[in-house]
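Below, each chain spelled out in residue letters.
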Amino acid sequence: MMRALSLVLFLVLTIAPAQADDQAKLKQLLTHFLNNAAINAEVHRRFWAKDLIYTSSAGKRFGKRQIMQGLENPGSDLVSVRYTAEDIDIRLLGDTAIVAFKLLADDSTSGEANHYFNTGTFVKQKGEWRALAWQATKIPHID
């Protein structure tokens, strides 16, 4: 009985810090991605899993290849949108994680701000978290 209790206590003491570490890594990965996604294709290459399924707020579904193609052939427009996340909720399920948050997209040129609910499913591959599935839903403007 004492051995079983010791094992449970050991597991609790080792799993909790590992989960907190993974949550911190996922939050840092998301923040870094949002801060640099508009200007850096390498950030996308690192963030998305090879077999990504992305469902946009416009109802279009595509993968990492299409995202990378769009970044390799960017338009001539200057990037004026700043992305940030609020209300980040990270749920760990072993080597899988669900990350839900409210995305704020502020355009400094137009002054327009758009908000989205985003949910990403991440998998840990070779020790690194990558987004495998993504769902974006635009939050309507309320006047």
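It should be emphasised that the depicted structure is a prediction, and the values quoted were computed from it without experimental measurement.

Parameters at a glance
- Residues numbered from 1 in each chain as written.
- Predicted model: local features only at pLDDT ≥ 70, side-chain atom pairs only at ≥ 80, totals over all residues.
- Heavy atoms only, no water.
- Helix = DSSP H or I, 4+ residues; strand = E, 2+ residues; numbered from the N terminus.
- Buried < 20%, exposed > 50% of the residue type's maximum accessible area, 1.4 Å probe, protein only.
- Contact = heavy atoms within 4.5 Å.
- Areas by Shrake-Rupley, 256 points an atom, 1.4 Å probe, with all protein chains shown as cover.
- Pairing = 2+ DSSP bridges.
- Axes fitted to C-alpha atoms, helices over the stretch in contact; angles between N-to-C directions.
- Core = buried A, V, L, I, M, F, W, Y, C linked by side-chain atoms within 4.5 Å.

Digging into the overall build of the protein
In step 1: Broken down by element type, the protein carries three helices and six strands.
In step 2: The buried share among the 143 residues of the protein stands at 30%.
In step 3: By sequence separation, contacts in the protein at least 24 residues apart represent 46% of the contacts at least 6 residues apart.
In step 4: For the protein, the exposed surface amounts to about 9,600 Å²; the carbon and sulfur share of it is 56%.

Overview of the sheet that holds strand β1 (residues 48–55)
In step 1: If you walk across this open sheet you meet the six strands as β2-β1-β6-β5-β4-β3, and the pairing is mixed. Only two strands of the sheet have a single neighbouring strand rather than two, namely β2 (61–62) and β3 (81–93).
In step 2: Sheet contacts for helix α3 (residues 64–72): β1 and β2; angle to β1, the most-contacted strand, approximately 90 degrees.

Concerning unusual backbone geometry
Generally, phi is negative for residues other than glycine and the peptide bonds are trans, each holding for most cases.
In step 1: Non-glycine residue aspartate 87 carries a positive phi angle of around 50 degrees.
In step 2: Assignment of secondary structure puts aspartate 87 in strand β3.
In step 3: Of the residues examined, aspartate 87 reaches a relative accessible area of 63% and is grouped as exposed.
In step 4: With a phi close to 55 degrees, lysine 126 is a non-glycine residue in the positive phi region.
In step 5: By the element assignment, lysine 126 lies in the loop between β5 (113–125) and β6 (128–139).

Observations regarding the nonpolar core
In step 1: Formed by 25 residues in total, the largest nonpolar core has its most connected members in Leu26, Phe47, Trp48, Phe122 and Trp134.
In step 2: Of all the secondary structure elements, the ones that give two or more residues to this core are α1 (2–36), α2 (41–47), β1, β3, β4 (96–107), β5 and β6.
In step 3: In this view, phenylalanine 122 contacts Leu26, Leu29, Phe47, Asp95, Thr96, Ala97, Val99, Trp129, Arg130, Ala131, Leu132 and Trp134; residues no more than four positions away in its chain are not counted.

Thoughts on the pairing of β4
In step 1: Bridging between β3 and β4 involves eleven bridges; their strand directions are antiparallel. Looking across to β4, one finds that valine 81 is bridged to aspartate 107.
In step 2: Hairpin geometry of β3 and β4 is characterised by an intervening segment of two residues between the two adjacent antiparallel strands and by a positive phi of about 70 degrees at glycine 94.
In step 3: Linking two consecutive strands that pair antiparallel, namely β4 and β5, is a turn of five residues; a positive phi of about 80 degrees is found at glycine 111 within it.

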